[in-house]
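This is what each chain is made of:
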Amino acid sequence: MKTSLMYLIFLVVPMMLLAQGNFNITGRVSLQTLNVSYDEKSSLKPDSIPDDQYAKSTLIPGLQQRLNLALFARSRHYDITLLGDLKNNQWDRLDNFQRVDRLTLNIRRGRNEMILGDFFQSGSDLFVQSREMRGFKLAIESGKTYYYKVELIGGQSQKPLAVGDRLPMQYRQYETSGQFQRYLGAAQVKTGKWEKFEVGLKFLWAKDNEKSIEEAISEPLTNQLLGLDGQLYLWKKRVKWFFDANLSRKDTLSAQNVTDLAYRAGFDLRLGHFKMILYKQYLGYDYYSAGYPYLQTDRDGFVLNAVYNFPQKFALSLEGERYFDNLKDFKDRPRTTTNSAIVGITSMHSHFPEVTLKFRYRDDRSNTVLDSVKTDKLYMGLEGRISFGSMNNRLSLSAIYLDLDDRSILQAGAPLGTKQFISSVNFYLRPHNRLFISGGSVFSRLQLSNDQQNINSYTFTSGRWDVIPVRLRAEFNLSFIYNDAANGGYQDMLSDYNQLASSFSLEYFFNTRISLKAIVGNDFRDMRYSLDQARLVISDPDYGPTYFNGFESYNSLKYGMELNWIF
């Protein structure tokens, strides 16, 4: 019933609006059919493991379909957008609305907006940020000198995954911990005077559907949040005072009415070529927002960001933070004070490449508890970046070196220090109006103080060539991964591999509206362990027969067609 209602809304609402006025309709509809083929027979899977519980690779084989929609309708008063991305294959059957990747209807009139379907909500990390929602969003704004803004969102912020459910796009891999379906609703109301002040009130409610799955490692929760924020502009907008304060409540089966506070308050100064932001930050230990559950809480301190520009020469920047944790003063945990700073300089001369140099510093030190337990870390790093362009060509190079010296004393085990080097290169070349090539490479080397080491390299490139303008186009994509691990025991065997993926296509345009694309490619992975080494691991009861599930060598062939309609 819910699925039928959703499809009805997507069909009826645009048709009602289109019937009310003259709309200029444009868009693109793309239908792709692709077949992925490789030998699925494993040399390591024991007969005792069912075939549908083990795979050489998480790459989904067989015939696959994908429908991509991007439709736009514009009139004097309305902008309507319908975006869709629907996939179907033997592993992810498109048999219910939960398996639709994306279907979004956006209707905008002036400063007002309504969204139905899938959307990405961003904002404050104390409230709602980086959440993929499936539901609705309504944003209303009115007023000239004095104004008000109202924003409402509601729907599903977390899909249900029962233990044993298929993991999306992961062939023969299954959910092991369980995830409740979560509903989230939030409201924000703001009012103020342009360029003078603004004050806002916000509320969030979230609840896990306990009946959506039978069991999960985590408990179902209910979460409420009430917040107040505001900003005041002074001195012709050179100074902005701001605050954002929120009170949260979280209820689970084992802990009821757990409340805590989080706030930020400070000022933003912009004076000529100088800019500085300084604020006080308090993030309570028990503070929780389902709108951004990844927030690092349990810290109290100050944050500073400053930049000074010397026009046409260079810019100096400083980022600093100082805070302490263990706000609830647990006696068996040390209270750690953290100091961090990033100092940088960036050249800004229009006739020379842009060069950036940065120095990173951080220390974490605490008192001693339980006679000997303490935190003692020192982190230092250097970063460099250079980028320049000429005509339609661009090149960027960067490198970072990080060194963590960890002399902490833990209740169990030993701390690990790290040394890491990361470099990257990115380029864009357009030697001719009908040809462009872009790509890059990232290299990383991580060394731990226990002699474990990981080397990773990822190289990618893509290009397009209009062989016959407005008639025939060729495209390619290539990527190569090199991973090497040492001194990590059996775990290294999952990280030691080479992987090459490629895709080539020719697209023929019958006219300016219809085109047909032929696609061919491959995906190849070579795991560097031998069969004898692997059999030794799976015979160990601590690892078991499914240790290499999804981590075997394979060589796949991809081929298919894509039909495009542009209007």
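Please read all numbers here as calculations on a predicted model, not as lab measurements.

Student: For this particular structure, what's the right way to read unusual backbone geometry?
Tutor: Note: most peptide bonds trans; most residues except glycine with negative phi. Although it is not a glycine, Arg172 adopts a positive phi angle of roughly 55°. Along the chain, Arg172 falls in the loop between β7 (146-158) and β8 (181-193). For Arg172, a relative accessible area of 18% corresponds to the buried category. The phi torsion at Leu370 lies on the positive side, around 50°, for a residue other than glycine. Mapped onto the elements, Leu370 comes out in the loop between β17 (354-366) and β18 (376-390).

Student: Just to check I follow, could you spell out the nonpolar core for this structure?
Tutor: The nonpolar side chains of a soluble globular protein tend to be buried, and buried together. Counting residues in each nonpolar core, the largest one holds 20 residues, and the members touching the most others are Leu184, Ala186 and Leu204. Breaking this core down by element, the ones donating at least two residues are β5 (112-121), β8 and β9 (197-209). Once you skip the residues sitting within four places of it in the chain, Leu184 turns out to touch Met133, Ile153, Gly154, Gly155, Ser157, Leu204, Trp205, Ala206, Ala290 and Gly291. Residues Leu44, Ile49, Tyr497 and Ile538 belong to the second largest nonpolar core, which totals 13 residues.

Student: Help me understand the pattern of salt bridges in this model?
Tutor: A side chain of one charge can pair with a side chain of the opposite charge if their charged atoms are brought near each other. Applying the stated rule across the entire model yields 35 salt bridges. Note that Glu198 is salt-bridged to Lys190, the shortest N-O span being 3.9 Å. Since its relative accessible area comes to 10%, Glu198 is described here as buried. For Glu321, the salt bridge goes to Arg299, with nearest N and O atoms at 3.6 Å. In this pair, Glu321 sits in strand β15 (residues 314-324) while Arg299 sits in strand β14 (residues 299-310), placing the two residues 22 residues apart along the sequence. In the salt-bridge network here, residues are joined through shared partners; they are Lys149, Lys190 and Glu198.

Student: Looking at this structure, I do not really get the packing of aromatic side chains. What am I missing?
Tutor: The way to describe two aromatic rings as a pair is by their centre distance and the angle between their planes. For the structure on display, the rule yields 21 aromatic pairs. An aromatic cluster is built from Tyr490, Tyr529, Tyr543, Tyr547 and Phe548, whose rings are joined through pairwise contacts. The side chain of Lys250 reaches across the aromatic face of Tyr288, ending 4.4 Å from its centre.

Student: Help me out: how do you make sense of the pairing of strand β16 (residues 336-347) in this one?
Tutor: The two faces of the sheet receive side chains in turn, since in a regular strand these alternate between them. Alignment of β15 against β16, held across 11 bridges, turns out to be antiparallel. What sits directly across from Phe314, in β16, is Ser347. Between β16 and β17, which pair antiparallel and follow one another directly, the connecting turn spans 6 residues.

Student: Any chance you could explain helix α3 (residues 531-538) here in plain terms?
Tutor: Note on helix geometry: an α-helix contains 3.6 residues per turn, so any two residues three or four positions apart are oriented the same way. Listed as buried for α3 are Ala534, Val537 and Ile538. Down the axis, α3 shows its buried residues gathered within 90° of arc, on one side only. Turned more than 90 degrees away from the buried face of α3, the exposed residues are Asp532 and Leu536. The inward-facing, buried residues of α3 abut α2 (492-495).

Student: How do you make sense of the side chain of Ser502 when you look at a structure like this?
Tutor: Looking at the secondary structure, you find Ser502 in strand β24 (residues 497-509). We classify Ser502 as buried; its relative accessible area is 12%. Of note is the side chain of Ser502, whose polar atom sits 2.5 Å from the side chain of Asn522. Setting aside its immediate chain neighbours within four residues, Ser502 contacts Asn477, Leu478, Gly521 and Asn522.

Here is what the cut-offs are and how they apply
- Residues numbered from 1 in each chain as written.
- Predicted model: local features only at pLDDT ≥ 70, side-chain atom pairs only at ≥ 80, totals over all residues.
- Heavy atoms only, no water.
- Helix = DSSP H or I, 4+ residues; strand = E, 2+ residues; numbered from the N terminus.
- Buried < 20%, exposed > 50% of the residue type's maximum accessible area, 1.4 Å probe, protein only.
- Core = buried A, V, L, I, M, F, W, Y, C linked by side-chain atoms within 4.5 Å.
- Contact = heavy atoms within 4.5 Å.
- Salt bridge = Lys/Arg side-chain N within 4 Å of Asp/Glu carboxyl O.
- Phe/Tyr/Trp six-rings, centres within 6.5 Å; stacked < 30°, edge-to-face > 60°.
- Lys NZ or Arg CZ within 6 Å of the ring centre and 35° of its normal.
- Pairing = 2+ DSSP bridges.
- Arc of directions from axis to C-beta.
- Polar contact = N/O pair within 3.5 Å; in protein donor to acceptor, adjacent residues only side chain to side chain.

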